Amino acid sequence: MKVVPKILSKVFPLVIAVPFFVFLFSCSPSKYVAEGSFLLKKNVIETENRDISKSELKNYILQKPNKRIMGIRLNLFYYNLSNLNKEGWPHGWLRRIGEEPVVFDAFLTDRTKHQLKTYMQNKGYYFAEVNDSVRHRGSNAIVVYNVIPNKPYRIRNITYLFEDTGIVSFILKDTVNSLINKGMLFDKEILQKERIRIEELMKRNGYYKFSKEYIYFDALAVKDELLVDLTLVIKENVEGRLDRLTMTRPHYRYKINDVTFYPDFNALNILTNPQISPGDTLHYLNSGFVYSGRQNIRPQVIYNHNYIMPGRIFDIRNTDRSYRNLSSLGIFKFININFVEPKELISDSSGFIPLNCTIELTQKKTQSYQQEIVGTNSNGDLGVRYNLLYQNLNLLRGAETFNFKLTAAFEALKYSGITDLSNTLELGTELKLEIPKFFLPLRSTEFVKRYSPKTLFTFAVNHRIEKQYVRTYANTSFGYTWKGNNYLRHSIYPFELNFVQVDEDRSKEFLANIDSTYLEYSFTDHLVSVSRYTIEYNTQEIGREKDFVYVKFNLESAGNLLYAANRATESKMEEDGYQLFNVRFSQYLKSDLEFKYFWVYNARNTMVFRAFTGIGYPYGNSATMPFEKKYFAGGPNSIRAWNAYSLGPNSSQWYENTGDIKLEFNFEYRFKLFWKLEGALFADAGNIWDIYYQETRPDAVFKIDRFYRDIAVGTGFGTRFDFSIFLLRFDFAMKTRNPMSPPGEKFIIFQRKPSIRSDFTIQFGIGYPF
């Protein structure tokens, strides 16, 4: 590891110098811009009306300048490095990852001016004016669009005209939710949204074939007053029989008639052998199930996740819910929901057209196994891991997911700057069973449909041999997880049992070092009986470029029931507390809260803010928190200027850098560079503390009037390789404020010169840090 500082001492000055070189080069005129032409530097929108969105207007500008990252036209820089007369490497490659210079085009500027005017007119500003001007700065051009909206048209009256009077009540009683109101701007985009809203309303109330094409608007403008009288017209049906009384064709309402499932549907078999028998129909409650072969998934499992029921009025939301619920089972590769109308549109006695539904379910391969050899990064410690995995997606014919894993791993742990691969071995096994419903005592069909609950069983054993100690860890748990709504997820584990056993014969030196310290309780044999609850709130919408928030709250309690039972039965208390099966059990409360905000500026630039706070409170049967439940700081996913377990109250031994309280704040600016390469700038701050005073480290206790003095700060930059299925990350961090330094030297750079050997760290990770 001594070679790392030497490498850093040579590489770091180069890393600092390169961005300045790139900045200067990218600011200079491109060598491929013809004389007399100008490089488009930026577009500016000017308007005095604050109600007009400048960001919306910019979407209609046809010519955009070269992309910038922190003010640097990096893609243009790559392009300029190439030779247009050469196609070989690296010239062709530089042009592919780069961006051709954007030369100011007066024709595109004129077209943009017309597009901006059209946009303003669609927003109700029919007399808007758009002027453009070009400012030249050296070889660069800045285009300014001055938007003068003038007075807009506003809606004076809204009336409704129905060719089919049968739908009047559905539309008029919902006008309270209308997007169109008197006095608002005559905005064509809002009118289109109102058409979509009414279509959705009708399809929620049985009108299966209704569409927004039946809706249009008539607008009568009062030019002198800049007002519009608006008429919303809903046309009659284009098919069906003519009503002799109204002489119009009414829109039909539909009611679900028959629902038939094909749980093992295979389109390829049907195409290659159209004569194949679909099989007999099995009826479960009010739905049919057609199996072409063996009944490999029970009908009630599918039925309990379906919202489309015979006798119900057609509701488009039930189709979406059924897709979502059936997909959550994880066993189906394709899901097709089809509706079939009768040949003759004849209403039943209640006035509804019967609508049959078929649901075709194509299953995934049920069983699979694979072997993996992967590189690992456990809080900065690199290694290699071998996994043997077996998965069954339908273990008991109820879409139960069963996972079995065997693991063998080697890791290179860092102890006081020394790395030794041969002494670190980990062997383990893990079993997981996931049932797509609430196991006893919570059983509700409606709850299953609405919240997609799952019951989880886990069992794992891990045997770890490290240089300083040997430990066996076993865990078993039982819990539930379910969705509250589109953004909320709940998890509750009524029972979780952890058992930790330390090999005293092979860990004598280590145990002797922590004898009579607060860590002694953490590294003795003990049981941890836990109940915990977690709630997650996530507003992310996959595929959409919009800001989102992630919040996670966790609360867990350990040992309270066991402690109460021992007190109630007046069990004998041993020297280190009450025991179960001759093993001491832990007792504590622990809670933590994590908040993340993702500001998505555009597809290439994102800023992430993260805050984490946690506290563990040992009491009763425990003098300290179990080691595996304590907090630590540092590493690739924490404060990156420090390695894992190297930041804390005492830096001399890694195992001493754990605590009961943790505060952490992170900021990261992420930007795409080229190909699969991304960049990042980041700043991390925080530390860990003890909740109780300890004689062996008195300064580690958390005090409200001085904790800020212990805050560590790290800054740096990172590079990431995004290969879609995984992301490799390298973060280069510097200690900006080190609370463990002597007074007058805590602020690196400002109070002392940074040390390449001790103040810089390289972190490797898989995936984003948060």
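These numbers were taken from a predicted model, which means no experiment stands behind them. (Residues numbered from 1 in each chain as written. Predicted model: local features only at pLDDT ≥ 70, side-chain atom pairs only at ≥ 80, totals over all residues. Heavy atoms only, no water.)

**A closer look at the overall build of the protein**
Then, in step 1: A count of helices and strands for the protein gives 14 helices and 31 strands.
Then, in step 2: Going through the 770 residues of the protein one by one, you find that 44% of them count as buried.
Then, in step 3: Of the contacts formed within the protein by residues at least 6 apart in sequence, a portion of 63% connects residues at least 24 apart. (Helix = DSSP H or I, 4+ residues; strand = E, 2+ residues; numbered from the N terminus. Buried < 20%, exposed > 50% of the residue type's maximum accessible area, 1.4 Å probe, protein only. Contact = heavy atoms within 4.5 Å.)

**Focus on the environment of T109**
Then, in step 1: For T109, the position within the fold is in helix α5 (residues 106–122).
Then, in step 2: Along the backbone, T109 and V144 are 35 residues apart, and their C-alpha atoms lie at a distance of 9.8 Å.
Then, in step 3: The contacts of T109, once residues within four sequence positions are left out, are F104, D132, V143 and Y145.

**A short note on the pattern of salt bridges**
Then, in step 1: This model, assessed by the stated rule, comprises 43 salt bridges.
Then, in step 2: Residues E199 and K203 are paired through a salt bridge, measuring 3.4 Å at the closest nitrogen-oxygen approach. Here the residue E199 and the residue K203 both occupy positions in helix α7 (residues 188–204), the gap between them amounting to four residues, near one helical turn.
Then, in step 3: Overall, E199 belongs to the buried group, its relative accessible area being 15%.
Then, in step 4: The closest approach of N and O atoms between R729 and D731, which form a salt bridge, is 2.8 Å.
Then, in step 5: Judged by relative accessible area, which is 0%, D731 ranks as buried.
Then, in step 6: Among the charged side chains, a network of salt bridges with common partners joins R640, E668, R670, D684, R720, R729 and D731. (Salt bridge = Lys/Arg side-chain N within 4 Å of Asp/Glu carboxyl O.)

**Considering the side chain of N475**
Then, in step 1: In this fold, N475 is placed in strand β19 (residues 470–483).
Then, in step 2: If sequence neighbours within four positions are ignored, N475 has contacts with T458, F459, A460, E496, L497 and N498.

**Overview of α7**
Residues separated by three or four positions in an α-helix point in the same direction, a consequence of the helix having 3.6 residues per turn.
Then, in step 1: Given a rise of 1.5 Å per residue, 17 residues ought to cover 24 Å, and the 25 Å separating the end C-alpha atoms of α7 matches this to within 8%.
Then, in step 2: Buried within α7 we find I190, L191, E194, R195, R197, I198, E199, L201 and M202.
Then, in step 3: If you follow the buried residues of α7, they end up packed against α6 (168–172), β5 (215–222) and β6 (227–234).
Then, in step 4: Where α7 starts, the residue carrying a side-chain oxygen 2.9 Å from the main-chain nitrogen of E189 turns out to be D187.
Then, in step 5: Remark: G206 follows α7 within two positions and exhibits a positive phi of approximately 100°. (Expected span 1.5 Å × (residues − 1). Polar contact = N/O pair within 3.5 Å; in protein donor to acceptor, adjacent residues only side chain to side chain.)

**Observations regarding the sheet that holds strand β8 (residues 281–284)**
Then, in step 1: Pairing in this open sheet of five strands is mixed, and the strands run β8-β9-β7-β11-β10 from one edge to the other. Each edge of the open sheet is held by one strand with a lone partner, namely β8 and β10 (332–340). Looking at each pair of strands side by side, their axes are set apart by 30° on average, direction ignored.
Then, in step 2: Two strands pair when backbone bridges link them, and β8 and strand β9 (residues 287–290) are joined in this way by four bridges, in the antiparallel orientation. In the strand pairing of β9, T281 is matched with V290.
Then, in step 3: Helix-sheet contacts for helix α10 (residues 316–328) involve β10 and β11 (352–363), and the interaxial angle to β10 is about 160°. (Pairing = 2+ DSSP bridges. Axes fitted to C-alpha atoms, helices over the stretch in contact; angles between N-to-C directions.)

**Considerations on the side chain of H305**
Then, in step 1: Tracing the chain through its elements places H305 in the loop between α9 (299–303) and α10.
Then, in step 2: Residue classification places H305 among the buried residues on the basis of a relative accessible area of 3%.
Then, in step 3: Beyond its immediate chain neighbours, meaning those up to four positions away, H305 contacts S322, N325, L326, S328, L329, P436 and V448.

**Section: the environment of P769**
Then, in step 1: Within the secondary structure layout, P769 lies in the segment after β31 (760–766).
Then, in step 2: For the pair P769 and N666, spaced 103 residues apart in sequence, the C-alpha separation works out to 9.8 Å.
Then, in step 3: In this structure P769 touches P636, N637, R640, E668, R670, R720 and R729, once residues within four positions along its chain are discounted.

**Brief notes about the nonpolar core**
Then, in step 1: Counting 29 residues, the largest nonpolar core has I302, F332, F339, I359 and L361 as its most contacted members.
Then, in step 2: By residue number, the principal contributor to this core is β11, which donates five residues.
Then, in step 3: Ignoring any residue separated from it by four or fewer positions in sequence, one finds F339 in contact with Y208, I256, I308, F314, T319, L355, N356 and C357.
Then, in step 4: Counting 24 residues, the second largest nonpolar core, distinct from the first, contains I155, I190, I198 and L232. (Core = buried A, V, L, I, M, F, W, Y, C linked by side-chain atoms within 4.5 Å.)

Coordinates in, geometry out; function isn't part of it.
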